[in-house]
Amino acid sequence: MEQIARRFVKEPVRQEKGGDSSRAVNLLGVTPLDFGSQENVETLKENLKKNGWKVLSTWAMGDDLEILQKSGETSVNLVVSSVGLRAAKILWEKYQIPYVIGTPNEWLAEDISNELETVIIQHSGIEQQSTIADQADPAIVYLQNRIQQDAEITLIGEPVTMGSLAAGIEKKYGHAARVFCPLKGCEALLGKRDKVVLGEEAMEEALKDSKIIVADPLYRPICPKDSTFYELPHVAFSGRIYL
């Protein structure tokens, strides 16, 4: 995705403010390993559509290279998983397209929509003197307005999708949640109660005080026997075993 952004995305033809591009967004980091079937991708797009957004391109499920080449015509990008972050940085460096981080699930889509609008307005105000440093701290929507107390629910998985789900659970049900991420180098995408946990033994130790766990079914054997376990299969972890 980074190399597609670097080599193939065409320089945008800047339109007047208020044109079709002002409510268009690219989804970066949409992979079968994180999102499974195309149906799940269409749900993300529909959640944004309900909030007045047009998805110009999806990186990279359902769209071909010709569509991706036109990605520079949007006013903002949305990084829906950590895989899309490097492409977002390149599109910022090349064409000063700002980006927001978060997965538009049904509970968080409105918050993400509001943040996309805010970023567009802020960027248009500084566009003439914009530099790469201006996007040093992109908005991570799922880390905003989180419940600051001990977590009742633990989610395991990729930081952006699981962080967005955790934020959605807190917003919908009012119960604090945390994310354990089994991937290296994701600390910047995690909240204060979240953490990177590498390896089976370390994850088993980290889960000892967990009462409610949401994770791929392959994690069940290392979860406390008295915990409540909700299955959320992940293709990159258990393949198609549970799908």
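Because the structure is a prediction, the values reported are computed rather than measured.

A word on the pattern of salt bridges
Part 1: Tallied over the full model, the rule gives 11 salt bridges.
Part 2: Between arginine 23 and glutamate 117 there is a salt bridge, and its shortest N-O distance comes to 2.5 Å. Of the two residues, arginine 23 sits in the loop between helix 1 (2–7) and strand 1 (24–28) while glutamate 117 sits in helix 6 (residues 109–126), which places them 94 residues apart along the sequence.
Part 3: Of the charged contacts, one joins arginine 178 and aspartate 209 as a salt bridge, the two residues approaching to 2.9 Å between their closest N and O atoms. Taken together, the residues arginine 178 in strand 7 (residues 177–181) and aspartate 209 in the loop between helix 8 (200–206) and strand 9 (212–215) connect sequence positions 31 residues apart.

Considerations on the nonpolar core
Within soluble globular proteins, side chains that are nonpolar tend to cluster in buried spots.
Part 1: One finds Val25, Trp59, Val76, Leu78, Ile101, Leu116 and Tyr142 to be the most contacted residues of the largest nonpolar core, which totals 41 residues.
Part 2: Contributing elements (two or more residues each) for this core: strand 1, helix 3 (38–49), strand 2 (54–59), strand 3 (76–79), helix 5 (85–95), strand 4 (99–101), helix 6 and helix 7 (159–173).
Part 3: No other element matches the 7 residues that helix 5 contributes to this core.
Part 4: Those residues within four positions of leucine 78 in sequence are excluded, and the remaining contacts are Val25, Asn26, Leu27, Leu28, Leu48, Val100, Ile101, Gly102, Pro104, Ile112 and Leu116.

Concerning the sheet that holds strand 3
Strand pairing in a sheet takes place through backbone hydrogen bonds and is either antiparallel or parallel in direction.
Part 1: The strand order 2-1-3-4-5 describes an open sheet built from 5 strands, whose pairing is parallel. Strands at the two margins of the open sheet, each flanked by one partner only, are strand 2 and strand 5 (139–140).
Part 2: Note that strand 3 and strand 4 share 3 bridges and pair parallel. Residue pairing in the sheet places valine 79 in a bridge with isoleucine 101 of strand 4.
Part 3: Packing of helix 5 onto the sheet brings it into contact with strand 1, strand 2, strand 3 and strand 4, and relative to strand 4 it is tilted by some 160 degrees.

A closer look at helix 7
Part 1: Look at helix 7: 20 Å from first C-alpha to last across 15 residues, which is about the 21 Å you get at 1.5 Å a residue.
Part 2: For helix 7, the tally of buried residues reaches 12 of 15 residues, placing the bulk of the element in the interior.
Part 3: The set of residues buried in helix 7 consists of Pro159, Val160, Thr161, Met162, Gly163, Ser164, Leu165, Ala166, Ala167, Gly168, Ile169 and Glu170.
Part 4: Residues of helix 7 that are buried in the fold lie against helix 2 (32–35), strand 3, strand 4, strand 6 (153–156) and strand 7.
Part 5: Where helix 7 starts, the residue carrying a side-chain oxygen 3.1 Å from the main-chain nitrogen of valine 160 turns out to be glutamate 158.
Part 6: One or two steps after helix 7, the chain reaches glycine 174, where phi turns positive at roughly 75 degrees.

Structural notes on the sheet that holds strand 9
Part 1: Spatially, the 5 strands line up as an open sheet ordered 8-7-6-9-10, and their pairing is parallel. The open sheet has two edge strands with one neighbour each: strand 8 (195–196) and strand 10 (228–231).
Part 2: For strand 9 and strand 10, the ladder comprises 4 bridges, and the chain directions are parallel. Each residue of the ladder has a partner; that of isoleucine 212, found in strand 10, is threonine 228.

Conventions used here
Residues numbered from 1 in each chain as written. Predicted model: local features only at pLDDT ≥ 70, side-chain atom pairs only at ≥ 80, totals over all residues. Heavy atoms only, no water. Salt bridge = Lys/Arg side-chain N within 4 Å of Asp/Glu carboxyl O. Helix = DSSP H or I, 4+ residues; strand = E, 2+ residues; numbered from the N terminus. Core = buried A, V, L, I, M, F, W, Y, C linked by side-chain atoms within 4.5 Å. Buried < 20%, exposed > 50% of the residue type's maximum accessible area, 1.4 Å probe, protein only. Contact = heavy atoms within 4.5 Å. Pairing = 2+ DSSP bridges. Axes fitted to C-alpha atoms, helices over the stretch in contact; angles between N-to-C directions. Expected span 1.5 Å × (residues − 1). Polar contact = N/O pair within 3.5 Å; in protein donor to acceptor, adjacent residues only side chain to side chain.

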